[in-house]
Amino acid sequence: MRHFGHLAPDIRKALFHKEPVEFTADSPARMLAVALGATLYSPATRPRLAADVRKQAARGVTSMVLCLEDSIGDGDVAAGEENLVRQFALLDATADRGEDLPLLFVRVREPAQIPDLVGRLGQAVRRLSGFVLPKFTAERGAPFLAALAAAESACGRRLFAMPVLESPQLLHLESRAATLEGIARTVDHHRDRVLALRLGVTDFCSAYGLRRAPDMTAYDVQLVASVIADVVNVLGRADGSGFTVTGPVWEYFRLHERMFKPQLRRSPFLGRAEELRTSLIEHDMDGLLREIELDRANGLTGKTCIHPSHVAPVHALSVVSHEEYSDATDILRPERGDGGVLRSSYTNKMNEVKPHRAWAERTLLRAEVFGVARADVGFVELLTASVQPA
């Protein structure tokens, strides 16, 4: 599979200076962590789950979480497990048609579910990429990771973990530092197995009875913003000790009464996609677009999504601009190994080789996975192409 692979080749050629590369579930973890992109959640109880997975794959979704935890009722867990096993069998039976399937993860409630589900899946386990581990702390997380290691050995397949950081201990100031330290030790011990860390911002808000409005981002809620900053500080470092940390979920997808002005400037859309701008604003997507930009500015990669309409904006804003690519390649040229300062080829900024090296390396990895836009192509063109039928 590849990002924007659902678009026709001529459309991709018109959009990209450098097209996204192909990847598979067996690609290196460093690539897959970025390739997750917009990870779409779906309740595991959906009766046509296999068809839903194939439908979303055809629309450009590259990762999905099939949820047995908060998205279903406590009394529906057994039925959800049975449905998962049945739907994975359907996917496995039809996947030989040559169609690409997203990276598929199952969000469980308890450690014992991991080996149980892996055993019940049989040969269909080859369609599974791993598990999402809820309310992760050192105490809760260790049994989950031990169960995952045992299940991996039993089925002979690499299975990734995606811990969700959402516990009250992480939010509360008096316990945050110790909780982060414990999480860091635990995930470091299982570094080869942890694909990404996910932020459970809805649970953070619930601990204080909060809910952000559709015209506010997670970064406008200071309690949440402080936790994100501390998680990235401890777990998202660029010195080789860090992990990929994904952006929080955006909860809104229908029209709400607005209190504040739209956050999308009109000028990028003039003469090209003014109807798209109107549609984005009407469905509260301007807040989502702003939050995606703030995610990246704060060290987060990808995003948790609960509605298919959120996928295209996340992916469009993940494409590396021609200017970013030019800066990153200039910084990483072999002859720049001794450092120094140079003017960007766009002649609008300073590129300082040593301080900007980690940024440049991350940017080129994103360029490999999401591609590089042509110099005259921006997110408006990318988003317009993505939301139209391929």
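Look up a bit, the structure's there.
Okay, so let's go over this structure. Note that the coordinates shown come from a computational prediction; the quantities given were computed from them, not determined experimentally.

1. Looking at the overall build of the protein
When its secondary structure is counted, the protein shows 16 helices and 12 strands. Since a compact globule built from 390 residues should have a radius of gyration of about 21 Å, the 21 Å found for the protein is in line with a globular shape. Residues classed as buried in the protein amount to 53% of the 390 residues present. In the structure as shown, the protein presents an accessible area of about 17,500 Å², 51% of it carried by carbon and sulfur atoms. Counting 48 positive and 50 negative side-chain charges, the protein places the averaged centre of each group 3 Å from the other.

2. Remarks on helix α10 (residues 222-235)
Helix length check: α10, at 14 residues, gives a terminal C-alpha distance of 20 Å against a target of 20 Å (1.5 Å per residue), a fit within 8%. Along α10, the positions that sit buried rather than exposed are V224, A225, V227, I228, V231, V232 and L235. All buried residues of α10 lie within an arc of 160 degrees about the axis, which places them on one face of the element. Tucked into the core, α10 has its buried residues touching β6 (160-165), α7 (168-171), α8 (173-189), β7 (197-199), α9 (201-206) and β8 (245-250).

3. Points about unusual backbone geometry
In terms of backbone geometry, most residues other than glycine have negative phi values and most peptide bonds are trans. Phi is positive for F4, close to 65 degrees, though the residue is something other than glycine. Along the chain, the position of F4 falls in the segment before α1 (9-15). Since its relative accessible area comes to 3%, F4 is described here as buried. Even without a glycine there, the phi angle at K135 is positive, about 50 degrees. Within the element layout of this structure, K135 appears in the loop between β5 (130-133) and α6 (138-155). Using a relative accessible area of 24% as the deciding quantity, one classes K135 as partly exposed.

Reading the values: the criteria
- For every chain, the first residue of the written sequence is number 1, and numbering continues from 1 along that sequence.
- Predicted model: local features are reported for residues with pLDDT of at least 70 only, side-chain atom pairs are reported and counted for 80 or more only, and whole-chain, interface and lining totals are derived from all residues.
- Only heavy atoms go into the side-chain values, all of them from the structure, while hydrogens and water stay out.
- Runs of E in the DSSP output that reach at least two residues are strands. Runs of H or I that reach at least four are helices, and both are numbered from the N terminus.
- Using C-alpha atoms as the atom set, the radius of gyration is obtained and then compared with a globule rule of 2.2 Å times the number of residues to the power 0.38.
- Only protein chains enter the accessibility calculation, which uses a 1.4 Å probe. A residue is then buried if its area is under 20% of the maximum for its type, exposed if over 50%, and partly exposed in between.
- Every accessible area reported is derived by Shrake-Rupley at a probe size of 1.4 Å, with residue values counting cover from the shown protein chains alone.
- Under this rule, positive means Lys or Arg and negative means Asp or Glu; His and the chain ends count for nothing.
- A charged residue contributes its charge at one atom only: NZ of Lys, CZ of Arg, CG of Asp or CD of Glu.
- Helix span is expected to be 1.5 Å times the residue number reduced by one.
- By construction, the arc corresponds to the directions joining the helix axis to the C-beta atoms.
- By definition, residues are in contact when any of their heavy atoms lie within 4.5 Å.

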